[in-house]
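This is what each chain is made of:
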Amino acid sequence: MKTFRVISFPSLVLGVLGFLVACGSELPVKELAEAKTAITRAKDAGAERYASGEFEEARKSLLTAHEKASNEDLGETKKSADYAKSKAYDALEKSYPQLTEESKTQANTAINEADEAYASQLAAEPYNNAVELKKEGDTLRDSADRTLESYPKESGDDAKLRTRLAAFDQYEQSNKKYLESKKAATDAKSLALSQKQQLIDSLADIEKNLDDADRYAGGGDPEVAQTRERLNTAKAKIDEGKIKEGYSEVDDIRKKSAELVAKNIQAYALKKKAEAKDSIGKAKDKLAGIDQSKLKSSKDLQTSYQRADENLKAADESLVSAEELYTSEKYEDSIGRSEEAIRLSRIVVDQSDDIAERLRTGASVAGRKGDAGDSTSSTGKGEDTTASSSGELPEGWKKYVVRKKIPADCLWRIAAYKQHYGTSKLWKRIYEANRNKIKNANLIYPKQVLLIPPAKGSTKFDPKKAPKKQTGSDKVEASTPEKKEETTTPPPSTNESEPEEEEPSTPAPSTENEQPSDSGEQESDEEAR
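Thresholds, definitions, all that
Residues numbered from 1 in each chain as written. Predicted model: local features only at pLDDT ≥ 70, side-chain atom pairs only at ≥ 80, totals over all residues. Heavy atoms only, no water. Core = buried A, V, L, I, M, F, W, Y, C linked by side-chain atoms within 4.5 Å. Buried < 20%, exposed > 50% of the residue type's maximum accessible area, 1.4 Å probe, protein only. Helix = DSSP H or I, 4+ residues; strand = E, 2+ residues; numbered from the N terminus. Contact = heavy atoms within 4.5 Å. Polar contact = N/O pair within 3.5 Å; in protein donor to acceptor, adjacent residues only side chain to side chain. Phe/Tyr/Trp six-rings, centres within 6.5 Å; stacked < 30°, edge-to-face > 60°. Lys NZ or Arg CZ within 6 Å of the ring centre and 35° of its normal. Salt bridge = Lys/Arg side-chain N within 4 Å of Asp/Glu carboxyl O.

**Q** Which residues make up the nonpolar core, and what are the values?
**A** Within the largest apolar cluster, 36 residues are counted, with the highest numbers of intra-cluster contacts made by Ala119 and Ile206. Broken down by element, this core gets its largest block of residues, seven residues, from helix α13 (residues 250-288). In contact with alanine 119, other than residues within four places in its own chain, are Ala114, Ala124, Tyr127, Ala188, Lys189 and Ala192. Counting 30 residues, the second largest nonpolar core, distinct from the first, contains Ala47, Tyr50, Ala65 and Tyr96.

Right under this line is the structure:
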């Protein structure tokens, strides 16, 4: 049995060339090289898939050419090489249109997926580049189709070959553009998808509108639930990567949420006014139920009654302001004034109950039974005598004198001041630190000195931890000068200097005396800070 050793094509060509050159004959090297180049190009163009018959025939013809060359049959070598090149060109003619069509489809798919991810807005540069590259590929593809279609009409074999090869080059360039377009679109899609969470977070204003609309409607407006369902569907699509589809409705949903707020806020403002009126009526009945003749024996009781009466007047004034704002269609501000009226009237009820309890038990001072040493008392200099007789404070602790102002001091507002915690959420720390002074978290009093503990750590006051002795005036942040109180009408607006946090769901701890001071007293308060 004969065995054959596989010899590479270059080695074979060189061997045959050496032999034939020595014999004075010429090997068709050019034809063999052109055939090999054409076959390699056809393979790169996917001819094994798109034109398997032509490609296989070209390969076999090239092998035949090698065999003929080794047998010194140079005429047949050239003939077989030319045929191999011809079949390779046939394979290319069949393959290039299909290859570019497949690449075009892939580019289109990638662009569509990028568009679905809203890359046109979120990754505009790579997305637009992908679209432009695809257009360039289309132009080259159309030109290649026309050129390939026209080459048989050329006169002469050389002209036909040049035209045919020009078509192949255009297909190659077109295919390259499509592949570059696909890559750019894929990059654009990735960039767009990386912004999903940011887009979802940007819908928070719609959530707030719907929450407000639902609150104003008392949960009874089906349109709120329907709009919220639309919003949730949009968010789900964005999260799935279908950002364009999900975000396409966002503007309409945002507009609808604002309309629902406007639709329900008027009815809610009207409802809040009615609640305020009813709450004030109950407060008046409570205060009217106190026998004022029994207060004559105690100056403290008379003062407490006077404060409750002032708060009642302030509640009335807030309701009047709410009415005016409602008439001006400033519904949100009207709601704020109504809620202030409700809050003040509830304080009046608490104050009235406190006075009644003190009358029943014989306690003349709020929070104490019979002992005139009121926990709300302070020295004329604003010094807290109950916290530490020496005026010493542990590190991080402060003192604060409750002020009579608008808006009224209350525990959550005091906590929200920047010099304290900067957030109303920590008001309970102040309450815990002053349990011996504050009987009811809803009732604190002007000139009452409160301890402000640090934002972290224990709320139990320990004077032993104080670093040094200091005067009370060094630590007290605000005090109210002792001068005649004047009652002024609260401004009919809610543009007050309040902390930005929402009020806690717990009833807001408030000062007993909510009436505003005159401008001179307010100015002194600011200086005392």
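**Q** Account for the side chain of serine 304, naming residues and giving values.
**A** Here serine 304 is to be found in helix α14 (residues 299-327). A distance of 3.0 Å separates a polar atom in the side chain of serine 304 from a polar atom in the side chain of arginine 358.

**Q** Describe the packing of aromatic side chains, listing the residues and the values that go with them.
**A** A complete count under the given rule lists nine aromatic pairs for this structure. Aromatic pair tyrosine 326 and tyrosine 331: ring centres 5.3 Å apart, planes at 65 degrees, arrangement edge-to-face. Here tyrosine 326 and tyrosine 331 have matching classes, each one buried. Aromatic rings pair up to connect Tyr89, Tyr96, Phe168 and Tyr171 into one cluster. The residue whose ring lies beneath lysine 273 is tyrosine 326, and the NZ or CZ to ring-centre distance is 4.2 Å.

**Q** Please provide a residue-by-residue account of the environment of glutamate 240, values included.
**A** Here glutamate 240 lies in helix α11 (residues 222-240). By relative accessible area, glutamate 240 is classed as exposed at 57%. Considering only alpha carbons, one finds glutamate 240 and leucine 193, 47 residues apart in sequence, at a separation of 9.3 Å.

**Q** Explain the pattern of salt bridges residue by residue, including any values.
**A** A full pass over the atoms with the stated rule returns 44 salt bridges. The salt bridge partner of lysine 94 is glutamate 54, with a shortest N-O separation of 3.5 Å. Of this pair, lysine 94 sits in helix α5 (residues 74-116) while glutamate 54 is found in helix α4 (residues 52-70), placing the two residues 40 residues apart along the sequence. The exposure class of lysine 94 is partly exposed, given its relative accessible area of 40%. Judged by its relative accessible area of 18%, glutamate 54 is buried. With a shortest N-O distance of 2.9 Å, glutamate 136 and lysine 177 are connected by a salt bridge. Here lysine 177 lies in helix α8 (residues 157-193) and glutamate 136 lies in helix α7 (residues 124-150), a separation of 41 residues in the sequence. What makes lysine 177 partly exposed here is its relative accessible area of 24%. Overlapping salt bridges, with partners in common, bring together Glu57, Lys87, Asp90, Glu93 and Arg164 in one network.

So, to be careful, I would describe these as geometric facts and stop short of saying anything about function.
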